[in-house]
Structures are given as C-alpha cells and as structure tokens.
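Architecture at a glance
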Amino acid sequence: MFGIIRPCRHRLSEAMRTEWMAHLCGLCLALRGDHGQFARTATNYDGLVISVLVEAQSPADEGANSWRRTAGPCPLRGMRTASVAKGEGARLAASVSLVLASAKMRDHVADGDGVLARRPVAAAARRVAAKWDRAGARTGADLGFDTAVLVDAVERQAGIEALAGTGTSLLTVTEPTETATAAAFGYTAVLAGRPGNKAPLEEAGRLFGRLAHLLDAVEDLAEDAESGAWNPVAATGTELTEVRRLCDDAVHGVRLALREVDFASKSQSRLAHVLLAHELERAVDRAFGTAGCGHAGHAGAAGHAGGSGQAVPAGPQDGSPQGAFGPPPVMPPGHMPPGAPPEPPRRGRRRGLIAGCAVWATLFCTCQVCCRDPYFDPWDGQQREGWCHKCDCGDCDCSGCGDCCNCCDCCENCDCCDCGGCDCGC
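Here is a short report on the structure shown in this document. Remember, it's a predicted structure, so these values are computed and weren't measured experimentally. (Residues numbered from 1 in each chain as written. Predicted model: local features only at pLDDT ≥ 70, side-chain atom pairs only at ≥ 80, totals over all residues. Heavy atoms only, no water.)

**A few points about the pattern of salt bridges**
- Evaluated as defined, the whole model comprises 17 salt bridges.
- A salt bridge links Glu-281 to Arg-255; its shortest N-O distance comes to 3.0 Å. Taken as a pair, Glu-281 in helix H11 (residues 266-288) and Arg-255 in helix H10 (residues 240-259) lie far apart in primary sequence, 26 residues in all.
- Overall, the relative accessible area of 13% leaves Glu-281 in the buried class.
- Residue Arg-255 is classed as buried on the basis of its relative accessible area of 13%.
- Here Glu-281 ties to Arg-282 by a salt bridge, and the two come within 3.7 Å at their closest N and O atoms.
- One salt-bridge network, in which partners are shared between bridges, spans Glu-178, Glu-203, Arg-206 and Arg-210. (Salt bridge = Lys/Arg side-chain N within 4 Å of Asp/Glu carboxyl O. Helix = DSSP H or I, 4+ residues; strand = E, 2+ residues; numbered from the N terminus. Buried < 20%, exposed > 50% of the residue type's maximum accessible area, 1.4 Å probe, protein only.)

Shown next as structure tokens:
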C-alpha cells in the first residue's frame, strides 16, 4: 500500500469510513477481476480518489446498483462480506494504479532499493512493470482512456532527473507526475458525463501530482541521503521552506479547483471533499512532521509550518508523535450518497471454534491482528483495534469533534458537513 492520502479513522464517521473502504476494496477487486490476483498488489490509497471522483459526478438517479455490489468474504476483512464500489470508476482507478505502480517499481529499480539492487530481481521487476503498463493500457482502452500520456510521463521522468541539478526548479522535476495525474483526474469528468468539469479537475489533478511527488521526496530525504539514492529536493538544493511553500500552495489550489467542479450533489461530493480538501493538508503536516492536535481550538492549524511560512524538518518534533495533525474534520453519521445501500450487516451467528480459529490464524499470519485498524473479530465479527494501533491523531481525544462547526478548519462553507453554510474561517 502506498499513497499520501491515509485518513485516520478518528476523522471519519462510520458511514464515511465505510464509503472510503468501499472504494478501496472496489479498486482491489477491479485489479483482480481484470488482471489477476498478483495485480492486487498495485492497490494504493491515492488511486481510489479516481473512483471517488467518478461516483461524485455521476447522476444520482442512476441508482445504488450502479455504484455498489456485495463482495464475498476476504481475509483482509476478517472473512466478512462488504459493500464495494464497482463499475467504470473502479476500473479507471485500476488502470491508473497499475501504470503508476509500474512507475514506482521502476523508480525503486533505478535507485537499487533493497533486493532490487540484485540484477535478477531487478530484471524480474522490470518485466512486471512492463506487464502492468500493458494491462493498464488494455483497461484504459476499454474505457476510452489513453494511458499513453501516463506511460510517456513515466518514461520522461528518468531523463528529467538525469539533467536536474542545483538550481533546477522542483516544478521541472514534478512536471511528468503532474501531467499524468491531471489526465487521470480530468478523464473522470468524461467518464461521468460531465465534460464541463474536465478543466478544473485537470488542475486539481496537476496539483495533486505535484504534492504526491514532493511529499514522497520529503519523507524519503533522510533515507535517500543515507543510501545515496537520488532525491529531487537534495539534487536541486531546494530549501525545505520553499518545498513547504509549494506544498501549501498546491493544497490551496486543489481547494479552489474543487469549487469549480459541478458534482452531482453535495452528499455525493463529501468524500471527495474530505480526501482532497482535508486529507491533503494532513498529508503535508505528516511529511513535514508538523505537531499538535488542535481539537480544542485552531492553535494547531494556525501554528503549523504553512501558516508561518517556516518549514519544519521531517520527523517528530519536540518529542511529539509522528504525524500529529491539527483539527480533524469529522463527518456526521448517516451521510451516504442517495440510494447507496448500507453496509451489509454482520452475520448474526458466531463462528464455531474450528472455523473461528482458522480465520484467526489467517488474520494473524497476514499481520491484521497487529497492524490493521480496525480488524473484524473472527468469531463475532465485531470491530477490534489492532495490537500495534497507531493513529496519526497521536494521543489526543477525538471524541469531542462530532460537531463540524466547532472543529472545521478547512475552508469557507465546508462541503463535508451540514452546518448550514458555516464559515470555517480561512
């Protein structure tokens, strides 16, 4: 799993978290359905944004059946069924994810990361990357989306990095990524039958790609310096204050672009708004190690590096936990898209001793008992917290954030809550 958008469960209501997981599982199953089991390893947190955007623009009168289906039991869900996203949005997300995953794999090969430094392993990785490029192109062609722009961006990236040096603009290095994500975001408007949204979504996608590239570079800065791997921030000699400024400007630009998008309805756009208007800011805070939870007020948000123009080095500061962010937006429960079916109820009966132990062994061997939060109890299906649970809200109490008007710090007239058009003061 990779990606910059990783929402903490404390920032999502149960309904919104269920919707987010529906798109994540839908992406995973679309990869399996079109390209086989191994392709599921290309599932990533950012790719599901494509599926979310298609659904948010789709006409509400299409009905729930066009958005969701009930998927069978899966080990990653504790062998429980779930309502998952389906259709063209999930398939487009799968196509884009395969191409971008192949690019990430090639990048690791070029850097000689880990076992990929060995020639036989690197050769096998290149073959897998090429296979994923072709597979993504097939799915894209079925949907009318030409993935050549994505492949071209991947191929140009290596040449641009080879020419970059001290004084080169970071935006020169991020351009291929920006071009690829702009094309993917823009095509969601075409797929949803809203061509008027293409231009603002391309702008949002371009800035999203810039953020993904820069935040990945910032998070890898120390590791790349130790291993000697190429890093755009170090190679261009860009100060972290300037990198932070570029990131904050990109977050603001995404929000402005989203205001120009004609979504099907406010309720359908909530998840897209949460991920692209709220969670991008959290991703920037996480990468730069901005500390402080602002549930009690706006001190955390006002005092973060972007507000003062001063960047902080990546990593925890002043002993605070890594990734403790400012005030989280929490959605009111029960706000699913019109007509969307609720999450299938958990099975009423408990599993027997043998069946429960078998599922428990699967959960334990796949590290879900340790790392997944939450995982589903193998006997009664109830949600349990992972042993190694680490929320990016740190140790703060998120229980007081149910009223969006008291904690929203995102933008004016926040679209993710029903506050009667409240002014969130930014």
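**Here's the deal with the packing of H10 against H11**
- Following both chains from N to C, one finds H10 and H11 inclined at 170°, their axes separated by 9 Å at the closest point. Of the possible angle classes, the one that applies to H10 and H11 is roughly antiparallel. Side by side, H10 and H11 meet where Leu-240, Val-243, Arg-244, Cys-247, Asp-248, Val-251, Val-254, Arg-255 and Leu-258 of the first sit next to Leu-276, Ala-277, Leu-280, Glu-281, Val-284, Asp-285 and Phe-288 of the second. (Axes fitted to C-alpha atoms, helices over the stretch in contact; angles between N-to-C directions. Parallel < 35°, antiparallel > 145°, perpendicular 65-115°, else oblique. Contact = heavy atoms within 4.5 Å.)

**With respect to the packing of helix H3 (residues 88-111) against helix H6 (residues 170-191)**
- Two numbers describe how H3 lies on H6: the axes approach to 11 Å, and their chain directions differ by 160°. What the angle tells us is that H3 and H6 run roughly antiparallel. Regarding H3 and H6, the two cross each other, and that crossing is right-handed. Packed against H3, whose contacting residues are Glu-88, Gly-89, Leu-92 and Val-96, the element H6 presents Ala-184, Tyr-187, Thr-188 and Leu-191 at the interface. (Left-handed = near helix turned anticlockwise from the far one by under 90°.)

**Notes on the environment of Leu-53**
- Inspection of the secondary structure assignment puts Leu-53 in helix H2 (residues 48-57).
- When its relative accessible area of 0% is taken as the criterion, Leu-53 is described as buried.
- The spatial distance from the C-alpha of Leu-53 to the C-alpha of Thr-188 is 6.4 Å, given a sequence separation of 135 residues.
- Not counting residues up to four positions away in its chain, the partners in contact with Leu-53 are Phe-185, Thr-188, Leu-201, Phe-263, Ala-272 and Leu-276.

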